[in-house]
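# Observations on the three-dimensional arrangement
What follows is the residue order along each chain.
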Amino acid sequence: MSRSLIPGLRSLRPAAFGADPAGPRLARIRRSPNFSVAEGSFRNPVGARTRPSGSSVEFAKIYFRKEERVRRGPAGTVPVHATTLADLAKPPVSGLRITWMGHSSVLAEIDGRRVLFDPVWGERCSPFSFAGPKRLHPVPVPLEALGPVDAVVISHDHYDHLDLPTIKALAGTDTVFAVPLGVGAHLERWGVPADRLRELDWHESAEVAGLTLTATPARHFCGRGVRNQQHTLWASWVVAGPEHRVYHSGDTGYFRGFAEIGAQYGPFDATMIQIGAYSDFWPDIHMTPDEGMRAHLDLQGGQPRGVMLPIHWGTFNLAPHAWSEPGEETVAAARRMGARIALPCPGEPFEPAAEDLPSAPWWRGVAVEPDGGWAEPVTMASGEPEAAPVG
């Protein structure tokens, strides 16, 4: 292809695809110890298959089987917390409050500052407005009503974590964006000024409004366009304030690096851990609930400290498992490990230091009941009995 045609073709690239790193940004990427110049891509901390394994025919059979399709979505209206804005108007008593907005979008109010992780307010996690996985419940609050945010933290550039309409809306505010290396190219194309970007490699930190934001390793991959050049990094994140610290996993497969992250940056008052969209067809890049609980304990030095918030489930249909399965399996894993977990419905704020955490299996009232019925109510590690099953 003629080099003179390449700029013209780039200008035709859909905005949702973002932009490829170039110039000084690409030079910095190529200097990263996590980038292989020979392979032309970022590398995982341990080996990972980033494409589905096994037979695509077998996967299609499972994914499109009628009885499986029915279980992959809610059977009723997903409950959303009705008073989120009123609750957020009051300062957290403990200095730390967490609000799960659905999927991996979380608002953390930490020591007087506000951090928004992986905000996705769009209707579909897709480059197209007419196709792709559609939201299964509304966002608990309008983005414009949420109020000022000190930092927006992005884990990686997949559509269910980096949403074009949401970023464009936030670009008009004063917030700072903390992103993994290379992801800044997308945001600059969408109108985020370069001086409001903090683009980090693993174990690099940025100071924002008195908080320390650190990009930490994850086991995943990247890409938004037709070609996936692996020129943007993926990350988990540690956010530390004067009194509290939290961890957000982004998307990741299980790996021994969680213990190393915990030893270097933990322990954490709260961890936000991916426990949904897993499959035997891609075991290296998404954790099961059991693996997510292991990661939480690794991050806490092997002790059931702090509170785990399960994320990356309930909002979009992205895997063959039943819609309710991540919630049920996380409860079971917490019971086995003696860990404290929070089970808020979307938009329900909670303080990790509180004696009472959201613990009702809210999904049961709107999910297809599994064969054999729901598990018995359990007693969580905090000592409070779990609310009786709904339905």
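Keep in mind the model is a prediction, meaning the values are calculated, not measured. (Residues numbered from 1 in each chain as written. Predicted model: local features only at pLDDT ≥ 70, side-chain atom pairs only at ≥ 80, totals over all residues. Heavy atoms only, no water.)

Inspection of the secondary structure puts Thr214 in strand 10 (residues 211-216). What makes Thr214 buried here is its relative accessible area of 3%. Side-chain polar atoms of Thr214 contact the side chain of Ser205, separated by 2.6 Å. In contact with Thr214, other than residues within four places in its own chain, are His203, Glu204, Ser205, Ser236, Trp237, Val238 and Tyr265. (Helix = DSSP H or I, 4+ residues; strand = E, 2+ residues; numbered from the N terminus. Buried < 20%, exposed > 50% of the residue type's maximum accessible area, 1.4 Å probe, protein only. Polar contact = N/O pair within 3.5 Å; in protein donor to acceptor, adjacent residues only side chain to side chain. Contact = heavy atoms within 4.5 Å.)

With that settled, the discussion passes to the nonpolar core. Formed by 70 residues in total, the largest nonpolar core has its most connected members in Ile98, Phe117, Leu213 and Trp237. Per element, the largest residue contribution to this core is four residues, and it comes from strand 14 (residues 307-311). Residues contacting Ile98, with those up to four places away along its chain left out, are Val106, Leu107, Ala108, Val246, Ala270, Leu309, Glu348, Pro349, Phe350 and Pro352. Counting 30 residues, the second largest nonpolar core, distinct from the first, contains Phe17, Leu164, Ile167 and Phe177. (Core = buried A, V, L, I, M, F, W, Y, C linked by side-chain atoms within 4.5 Å.)

When you line up the elements, Gly365 lands in the segment after strand 15 (349-350). Residues Gly365 and Thr77, 288 residues apart in the sequence, show an inter-C-alpha distance of 9.1 Å.

The subject of this paragraph is the confidence of the model for the protein chain. Summarising the model, the protein chain shows a mean pLDDT of 90, and 88% of its residues fall at 70 or more. Confidence drops under pLDDT 50 across residues 1-9; counting only partners more than four residues distant or on other chains, this segment forms two contacts. Per-residue pLDDT stays below 50 along residues 381-391; that stretch engages in 28 contacts with residues further than four places along the chain or on separate chains. (pLDDT = per-residue confidence, 0-100.)

If you want to describe how two helices pack, look at the angle between their axes and the distance between the axes. Remark: helix 8 (residues 257-265) packs on helix 9 (residues 289-299), axes separated minimally by 7 Å, with the N-to-C direction vectors making an angle of 30°. One element, helix 8, and the other, helix 9, form an angle in the roughly parallel class. The element helix 8 and its partner helix 9 pack so that their crossing is right-handed. In contact with Phe258, Ala259, Ile261 and Gly262 of helix 8, helix 9 contributes Ala295, Asp298 and Leu299. Taken together, the residues that form the contact of helix 8 with helix 9 break down as five nonpolar, one polar and one charged. (Axes fitted to C-alpha atoms, helices over the stretch in contact; angles between N-to-C directions. Parallel < 35°, antiparallel > 145°, perpendicular 65-115°, else oblique. Left-handed = near helix turned anticlockwise from the far one by under 90°. Nonpolar A, V, L, I, M, F, W, Y, C, P; charged D, E, K, R; others polar.)

This part covers the sheet that holds strand 4 (residues 105-110). Across a sheet, strands are paired by hydrogen bonds formed along the backbone, either parallel or antiparallel in direction. If you walk across this open sheet you meet the seven strands as 8-7-6-5-4-3-15, and the pairing is mixed. Of all the strands in the sheet, the pair left with one neighbour each is strand 8 (197-200) and strand 15. As paired strands, strand 6 (residues 151-153) and strand 7 (residues 176-180) are joined by three bridges and run parallel to one another. The residue of strand 7 that forms the bridge with Val152 is Phe177. (Pairing = 2+ DSSP bridges.)

Moving on, we come to the sheet that holds strand 10. Ordered in space as 9-10-11-12-13-14, the six strands form an open sheet in which the pairing is mixed. The sheet is open, and its two borders are formed by strand 9 (205-208) and strand 14, each paired with just one other strand. Each adjacent strand pair in this sheet contributes to an overall mean axis angle of 15°, direction not counted. Of the pairings in the sheet, the one linking strand 11 (residues 236-240) to strand 12 (residues 245-248) comprises four bridges and is antiparallel in character. Each residue of the ladder has a partner; that of Ala240, found in strand 12, is Arg245. Sheet strands in contact with helix 9 are strand 12, strand 13 (270-274) and strand 14, and its direction is about 150° off that of strand 13.

The next subject is the side chain of Asn44. Mapped onto the fold, Asn44 is located in the loop between strand 2 (41-42) and helix 3 (56-64). Judged by relative accessible area, which is 17%, Asn44 ranks as buried. Within the local environment of Asn44, its side chain forms a polar contact with the backbone nitrogen of His220, the two atoms lying 2.8 Å apart.

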